[in-house]
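Coordinates in review
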Amino acid sequence: MSFRAKSGAWLSSRVPRCWCWWWRRWQQPSCAAAGPAWSYFGGNRPRAILDMSYSRHFLDFQGSSIPSSMKKLVVTKLSQNFREAVTLQQDSPVPLPGDGDLLVRNRFVGINASDINYSAGRYDPSVKPPFDIGFEGVGDVVALGLSASASYTVGQAVAYVKAGSFAEYTVVPAKQAVPLPSVKPEFITLMVSGATAYISLKELGNLSEGKKVLVTAAAGGTGQFAVQLAKAAKCHVIGTCSSDEKGGFLKSIGCDYTINYKTENVEAVLRKEYPEGVDVVYESVGGKMFDLALNSLATKGCLIVIGFIAGYQNPTGLQPVKAELLPAKLLKKSASIRGFFLNHYLSKYKVALKDLLEMYERGDLVCEVDFGDMSPEGKFTGLESVFRAVDYMYMGKNIGKIVVELPHSVNSKL
């Protein structure tokens, strides 16, 4: 079978019957008796595809046919219990890319604390199940639309941030994709976690040399970047963590002082070591950690809230804080609390990601990846392991960003 014939066969098996008819009709010589094919589509002549090698864009670049079905995770019930909310579907149709889209075969997907908020319907209550889940992925372009082919090619490595990454294949608008030099799990750490730390600290932290910065959950997916970026700004960095192993990792990436909250009283340590308080807090835990971080602020200090993971698995998504004392505490120190949600700062995203990628390529940024190798059931491989990976994160076991690998076998059929 010729290359062109092979691609035409693939299309015929993947698109609705009416479009298969159009594909065959377009390739046949014109017939005056039959009339112009475009008359069946409202009388507007379609744009001619002069270079029929365009059909190559619809072939898997490694030579294996793109399957007609795939596995993906779907939220079928709103719940803060991820295992109750999400279902693994075994035979979902592989989506087709539109004119400006890429079809990405996912190789690595990232786990985020907010996956639970999303599966619980907390971000947009108007969205009802079923809906796709997963925020970020890294993979290969295996098919793309004609407009998208102006900027991308089949076989190119890309990363993206878009709902629906917990799937073997995801359609991504070309405008939202980020071209990469190769498919590496380290790149996925930058997409949400790295960008959150970069933009929040730059826009809200007002960092400068000598400032004292406290990072909670510092050894986690986004905490690791907050530590390194604050250190790059010549700040004094304090990090909280849950084990001596994590403390060792934090020191290896530049943390000046670590506090193991499992064995030490964080508030007492901060009061003793930093009696005048800390200037900036990068806070993602919530509950009691939020309260002690607030109490530890220096005069004119700023507490940046990027999450409150301690409460995400609760029905309300929150843990109680001592909010009744908040006005007095802020007034007493001329302090402030700032919330940060990445979606509100998308205008800053491209610049942030460009800088982060350059820092990593220069060797100035550590992008620690945790595949769960030390978890009881081993490495997170395949969509089935996303459930374990979420549990692993909420048990506080990870060092760095939790990433799930999606392996794909390649069986050439050409």
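Only a predicted model underlies this, so the values are computations on that prediction, with no experimental measurement involved.

Moving on: the overall build of the chain. The helix and strand inventory of the chain stands at 12 helices and 16 strands. Considering the chain as a whole, with its 414 residues, one finds that 50% of them fall into the buried category. In the chain, the share of contacts with a sequence separation of at least 24, taken over all contacts with a separation of at least 6, comes to 68%. When the accessible surface of the chain is split by element, carbon and sulfur atoms take 53% of a total near 19600 Å².

Tallying each qualifying case throughout the model produces 11 aromatic pairs. Seen from their ring centres, Tyr-118 and Phe-131 are 5.4 Å apart, and the 75° between their planes marks the pair as edge-to-face. With a gap of 13 residues between them, Tyr-118 in helix α4 (residues 115-119) and Phe-131 in strand β4 (residues 131-132) connect regions that are remote in the sequence. In this structure Phe-131 comes out as buried when scored by relative accessible area, which is 10%.

The subject of this paragraph is the sheet that holds strand β1 (residues 69-75). Here three strands make up an open sheet; going across it, the order is β2-β1-β4 and the pairing antiparallel. What marks the edges here is a single partner per strand, and that holds for β2 (86-93) and β4. In terms of strand pairing, β1 meets β2 through six bridges, oriented antiparallel. Bridged to Val-75 within β2 is Val-86.

Our focus in this paragraph is the sheet that holds strand β14 (residues 336-339). One open sheet accounts for six strands, arranged β11-β10-β9-β12-β13-β14; its pairing is parallel. Each having just a single partner strand, β11 (257-260) and β14 make up the two edges of the open sheet. Taking each pair of neighbouring strands and ignoring which way they run, the sheet shows an average axis angle of 15°. Both strand β12 (residues 278-283) and strand β13 (residues 297-305) contribute to a ladder of five bridges, which runs parallel. Its bridge partner lying in β13, Val-280 is registered against Cys-302. Its contacts with the sheet place helix α10 (residues 326-333) against β13 and β14, and it is angled at close to 130° to β13.

The next subject is the confidence of the model for the chain. Taken over all residues, the pLDDT of the chain has a mean of 86, while the share at 70 or more is 83%. Long-range and interchain partners of residues 1-57, a stretch whose pLDDT sits below 50, account for 61 contacts in this model, where long-range means more than four residues apart. Within the model, pLDDT remains below 50 along residues 410-414, and this stretch shows 11 contacts once partners closer than five positions in the same chain are excluded.

Here we come to the pattern of salt bridges. Should the charged atoms of two oppositely charged side chains come close, the side chains can pair. Tallied over the entire structure, the rule returns 12 salt bridges. Asp-132 is paired through a salt bridge with Lys-72; the nearest N and O atoms lie 3.1 Å apart. Of this pair, Asp-132 sits in strand β4 while Lys-72 sits in strand β1, and the two are 60 residues apart along the sequence. Classification of Asp-132 as partly exposed rests on a relative accessible area of 32%. Since its relative accessible area comes to 16%, Lys-72 is described here as buried. For the salt bridge of Lys-231 with Asp-256, the shortest nitrogen-to-oxygen distance reads 2.7 Å. With a gap of 25 residues between them, Lys-231 in helix α6 (residues 223-232) and Asp-256 in the loop between α7 (244-252) and β11 connect regions that are remote in the sequence.

To continue, consider unusual backbone geometry. The omega angle of the peptide bond from Pro-129 to Pro-130 is 0°, so this bond is cis rather than trans. Tracing the backbone through its elements, the reader meets Pro-130 in the loop between α4 and β4. Positive phi outside glycine occurs at Ala-217, with the angle close to 50°. Structurally, the position occupied by Ala-217 is in the loop between β9 (212-215) and α6. Using a relative accessible area of 30% as the deciding quantity, one classes Ala-217 as partly exposed. A positive phi is found at Ser-334, a non-glycine position, where the angle reads about 50°.

Mapped onto the secondary structure, Gln-228 falls in helix α6. Polar side-chain contacts of Gln-228 include one of 2.7 Å to the backbone nitrogen of Val-366. Excluding anything up to four places from it in sequence, Gln-228 contacts Ile-253, Asp-364, Leu-365 and Val-366.

Relative orientation of the contacting elements helix α5 (residues 185-205) and α6 amounts to 45°, with a least axis distance of 9 Å. In terms of orientation, α5 and α6 fall into the oblique class. α5 and α6 meet at a crossing whose hand is right-handed. Along the contact surface, α5 presents Thr-189, Leu-190, Ser-193, Gly-194, Ala-197, Tyr-198 and Leu-201, while α6 presents Phe-225, Ala-226 and Leu-229. When the residues that make up the contact of α5 with α6 are grouped by side-chain class, the tally is seven nonpolar, three polar and no charged.

Looking at the secondary structure, you find Ser-92 in strand β2. Judged by its relative accessible area of 4%, Ser-92 falls in the buried class. At a separation of 2.9 Å, a polar atom in the side chain of Ser-92 contacts the side chain of Gln-89. In this structure Ser-92 touches Ser-68, Ser-69, Met-70 and Lys-72, once residues within four positions along its chain are discounted.

What counts as what
- Residues numbered from 1 in each chain as written.
- Predicted model: local features only at pLDDT ≥ 70, side-chain atom pairs only at ≥ 80, totals over all residues.
- Heavy atoms only, no water.
- Helix = DSSP H or I, 4+ residues; strand = E, 2+ residues; numbered from the N terminus.
- Buried < 20%, exposed > 50% of the residue type's maximum accessible area, 1.4 Å probe, protein only.
- Contact = heavy atoms within 4.5 Å.
- Areas by Shrake-Rupley, 256 points an atom, 1.4 Å probe, with all protein chains shown as cover.
- Phe/Tyr/Trp six-rings, centres within 6.5 Å; stacked < 30°, edge-to-face > 60°.
- Pairing = 2+ DSSP bridges.
- Axes fitted to C-alpha atoms, helices over the stretch in contact; angles between N-to-C directions.
- pLDDT = per-residue confidence, 0-100.
- Salt bridge = Lys/Arg side-chain N within 4 Å of Asp/Glu carboxyl O.
- Polar contact = N/O pair within 3.5 Å; in protein donor to acceptor, adjacent residues only side chain to side chain.
- Parallel < 35°, antiparallel > 145°, perpendicular 65-115°, else oblique.
- Left-handed = near helix turned anticlockwise from the far one by under 90°.
- Nonpolar A, V, L, I, M, F, W, Y, C, P; charged D, E, K, R; others polar.

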